[in-house]
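# Architecture at a glance
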Amino acid sequence: MLGRTLGGRYYVTKHLGSGGFGQTFLAVDQQLPGQPFCVVKQLQPQSTNTFILQTAKRLFDAEAEVLYRLGNRHEQIPQLFAHFEENQEFYLVQEFIEGNDLSKEILPGSPWSETQVIDLLKDILGVLSFVHQENVIHRDIKPENLIRHKHTRKIVLIDFGAVKETVAQTTCTQGSSSRTIVIGTPGYMPGEQAAGKPKRSSDIYAVGMIGIQALTGLAPQQLPEDPTTGETLWHNWAQASPEFTAVLDRMVRCHFKERYQSAQEALQSLENLRQSILPQTVPLSPNQLVSTVQPPSRQYPLKRSQVGWHFRFRFFIATCLGFTAGYVIVFILFIIFYSIDSRLRLGVLDTYKDENVLQIVSAFTIGTVLGFCVGVAEWLVLKKWISEIAWWIPASVFSSTLTNATVVLGANAVWHQAIFGAISGTARWSVIREKTPRAIWLIPWFAMSAAVDRLDLSPVDIETQAGTIWPVISSFTWLVVSGSMYLGIYTFIMSWILRRQ
Ligand SMILES: Nc1ncnc2c1ncn2[C@@H]1O[C@H](COP(=O)(O)OP(=O)(O)O)[C@@H](O)[C@H]1O
Ligand SMILES: [Mg+2]
């Protein structure tokens, strides 16, 4: 299949997966400018049984219809680009969603924090309530069929191959229920769906199971059932507030009547929950505060296992690269500036020589560029886990500009620098303080490191040895050694701040 051009325009480049009824491929659309990627699903049933073949074709057409109807109207559902038959095989072409599916994020033995799970469920239920409003039941919600979009970071619901129209359902079940093919995935599929009668609340069950899987780090099949009631037992393996536990319980009740009846209703419960979990957003009288508000639970964004050596390595390298890129850009900017100035004989440099303006402008530029590059580099590492982390970039720009520019304005004593360092730390602390109580340590760390920097511990005195290469080499070596020591300690502090014990 690889290397073939389908429908005269879709050039297949990669195999993405094979399901019960077909194969899925990544392809490029040769007829569009820039040859964008798309996903081609091929219907290829593994059976010769005519009933199965008919079912497969029906499911395939249903997927095309649903994508055609819903994909254009919701950003969390892929669009349908084409649907055609070629050499008696059926194809469906849809929008390629860049990103990883949730099975890469919900890892065995790595439970998520309650806030993370709530955010995830709200995201999924948002798109699901749209799907349900359109009278469609997805029937195969599971981590593999949810892709986190690389850029928007939203969850995109894929694989509508198992969809069922709720309108059609009433007529179908009467006539052909004995021949219904059960569609769904064990573990995420509730009893009524396994019995061939899926409902909207069957999808809610699947979403609840995903929530429990994220919260416990255990796959649905690993969780035991209560032998008398048949309900899934999971509380012992999860850390969650009683309110959220109650919502999840209601999503995964054995009997569909006891579940939320619509995704909208489940979503609403989660929204309300947010308000009760974050009491500071609700004005309460002091008495109420004492009786109803529990101490905020400490939520660390990352598990110890996530903030291991790979995290430290990436954070360290990112920060180093950020600094290096910043210096390189500044260097290039100055070369451009100096050459323009001398080429055009503008004399800007001479005019401002005595007034320190040039120094201040350069200190501002260096500070801003460095802060920006370092901020972006660190954000790239952290954004996977912390949703509000984009503020990290302005925080970094602000603190770096402040520290650099004020030095040339005369605020260059050790204690001045300690104060600016503390402001830098505060800027970063304010970005992640809700995620981890330990973020407060960023403030003394930045204060101390800025002060130490001012002490000028460099053993190299360039001026006394002017004219030889050694001072250059040794001061560069010193920069690399002290810089990596500094960044190394900083990396350890960051990983310690972020991880749960
Ligand atoms: N629109 C899409 N964008 C990106 N990847 C996709 C898309 N559709 C499917 N895939 C990838 O292909 C795999 C199989 O496709 P899927 O539609 O889930 O079919 P099935 O599970 O029935 O084989 C998915 O798990 C996913 O990794
Ligand atoms: Mg799938």
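As the structure is a prediction and not an experimental result, all values here were calculated from the model. (Residues numbered from 1 in each chain as written. Chains lettered and ligands numbered in written order. Predicted model: local features only at pLDDT ≥ 70, side-chain atom pairs only at ≥ 80, totals over all residues.)

Helix and strand counts for the chain stand at 15 helices and 11 strands. Residues classed as buried in the chain amount to 34% of the 501 residues present. Partitioning the contacts of the chain with sequence separation of at least 6, the portion at a separation of at least 24 is 65%. (Helix = DSSP H or I, 4+ residues; strand = E, 2+ residues; numbered from the N terminus. Buried ≥ 20, exposed ≤ 12 C-beta atoms within 10 Å, placed from the backbone. Contact = placed C-beta atoms within 7 Å.)

Following the sequence through the fold, Val12 ends up in strand S2 (residues 10–18). For Val12 and Thr24, which are 12 residues apart along the polypeptide, the C-alpha to C-alpha distance reads 10.0 Å. Those residues in contact with Val12, other than ones at most four positions away along the chain, are Met1, Leu2, Gly3, Arg4, Leu6, Phe25, Ala27 and Val40.

This part is about the packing of helix H13 (residues 414–432) against helix H14 (residues 442–454). If you want to describe how two helices pack, look at the angle between their axes and the distance between the axes. Running from amino to carboxyl end, H13 crosses H14 at an angle of 145°, the nearest separation of the two axes being 7 Å. Where H13 crosses over H14, the two elements pack in a sense that is right-handed. Facing H13, whose interface residues are Val414, Gln417, Ala418, Phe420, Gly421, Ala422, Ser424, Gly425, Thr426, Arg428 and Trp429, H14 presents Leu442, Ile443, Trp445, Phe446, Ala447, Met448, Ser449, Ala450, Ala451, Asp453 and Arg454. The residue inventory of the contact of H13 with H14, partitioned by class, reads 13 nonpolar, 6 polar and 3 charged. (Axes fitted to C-alpha atoms, helices over the stretch in contact; angles between N-to-C directions. Left-handed = near helix turned anticlockwise from the far one by under 90°. Nonpolar A, V, L, I, M, F, W, Y, C, P; charged D, E, K, R; others polar.)

In terms of nonpolar packing, the biggest core is built from 72 residues, with Val40, Leu121, Ile124, Leu125, Val207, Met251 and Ala266 touching the most fellow members. Both domains that meet at this core, namely domain 1 (5–95) and domain 2 (99–170 + 180–296), each give it at least three residues. Apart from the residues within four sequence positions on either side, Leu121 is in contact with Val207, Gly211 and Leu270. Ranked by size, the runner-up nonpolar core spans 22 residues in total, among them Phe311, Phe315, Phe372 and Phe420. (Core = buried A, V, L, I, M, F, W, Y, C linked by C-beta atoms within 7 Å. Domains from an automatic or database assignment.)

Take the site of ligand 1 next. Taken together, 18 residues form the shell around ligand 1, and within it Leu16, Gly17, Gly19, Ile97 and Asp159 come nearest. Only S2 and strand S6 (89–95) provide two or more residues apiece to the shell around ligand 1. When the residues that make up the shell around ligand 1 are grouped by side-chain class, the tally is 7 nonpolar, 7 polar and 4 charged. Counting contributing residues per domain, the shell around ligand 1 is built from domain 1 (5–95) and domain 2 (99–170 + 180–296), each supplying no fewer than three. (Near = placed C-beta within 6 Å.)

It is worth spelling out the sheet that holds S6 at this point. Across the sheet, 6 strands lie side by side as S1-S2-S3-S4-S6-S5; this open sheet has antiparallel pairing. If you trace the sheet from one side to the other, it starts and ends with strand S1 (5–6) and strand S5 (80–86), each paired once. In terms of strand pairing, strand S4 (residues 37–43) meets S6 through 6 bridges, oriented antiparallel. Bridge assignment links Val39 to a residue of S6, and that residue is Gln94. The sheet contacts of helix H1 (residues 50–70) involve S4, S5 and S6, and relative to S6 the element is tilted by about 25°. (Pairing = 2+ DSSP bridges.)

To continue, consider the sheet that holds strand S7 (residues 99–101). Strand order in the open sheet made by the 3 strands is S7-S9-S10, with antiparallel pairing throughout. In the strand order of this sheet, the two ends are held by S7 and strand S10 (155–157), each with one partner. On average, adjacent strands in this sheet sit at an angle of 35° to one another, irrespective of strand direction. In this sheet, strand S9 (residues 146–149) lies alongside S7 in antiparallel orientation, the contact comprising 3 bridges. Each bridged residue has a counterpart across the sheet, and for Gly99 the counterpart in S9 is His149.

Now for the pairing of S2. One face of the sheet, then the other: side chains in a regular strand alternate in exactly this way. The sheet contact formed by S1 and S2 spans 2 bridges and is antiparallel. Within S2, the residue paired with Leu6 across the bridge is Tyr10. Pairing geometry for S2 and strand S3 (residues 22–29), over 7 bridges, is antiparallel. Counted as the bridge partner of Gly17 is Thr24 from S3.

Looking now at helix H5 (residues 200–216). Given a rise of 1.5 Å per residue, 17 residues ought to cover 24 Å, and the 25 Å separating the end C-alpha atoms of H5 matches this to within 8%. The buried fraction of H5 amounts to 17 of the 17 residues, a majority that puts the element mostly inside the structure. Of the residues trailing H5, Gly217 is marked for its positive phi of about 75°. (Expected span 1.5 Å × (residues − 1).)

Within S4, 5 of the 7 residues are buried, leaving the element largely enclosed by the surrounding structure. Inspection of the sheet shows S3 paired to S4 by 7 bridges, in the antiparallel sense. Bridge pairing links Ala27 to Cys38 in S4.

As a further point, take the environment of Phe37. Relative to the helices and strands, Phe37 resides in strand S4. For the pair Phe37 and Thr13, spaced 24 residues apart in sequence, the C-alpha to C-alpha distance is 9.3 Å. Non-local contacts of Phe37, meaning those with residues more than four positions away in its chain, are made with Leu26, Val28 and Phe96.

In the Ramachandran plot, Asn135 falls in the positive-phi region, its phi being about 60° despite a non-glycine side chain. Tracing the backbone through its elements, the reader meets Asn135 in the loop between helix H2 (114–133) and strand S8 (136–137). Its 13 C-beta neighbours within 10 Å are what place Asn135 among the partly exposed residues.

Counting all residues, the mean pLDDT for the chain is 84, and 85% of those residues have values of 70 or more. Here residues 168–178 is modelled with pLDDT under 50, and outside its nearest four sequence neighbours on either side it reaches 3 contacts, counting other chains as well. Predicted confidence is poor over residues 279–299, with pLDDT under 50, and the contacts of this stretch with residues over four places away or in other chains come to 11 contacts. (pLDDT = per-residue confidence, 0-100.)

Turning our eyes to something else, we now look at the environment of Leu333. Here Leu333 is to be found in helix H9 (residues 309–343). Along the sequence, Leu333 and Ile366 sit 33 residues apart, while their C-alpha atoms lie 9.7 Å from each other.

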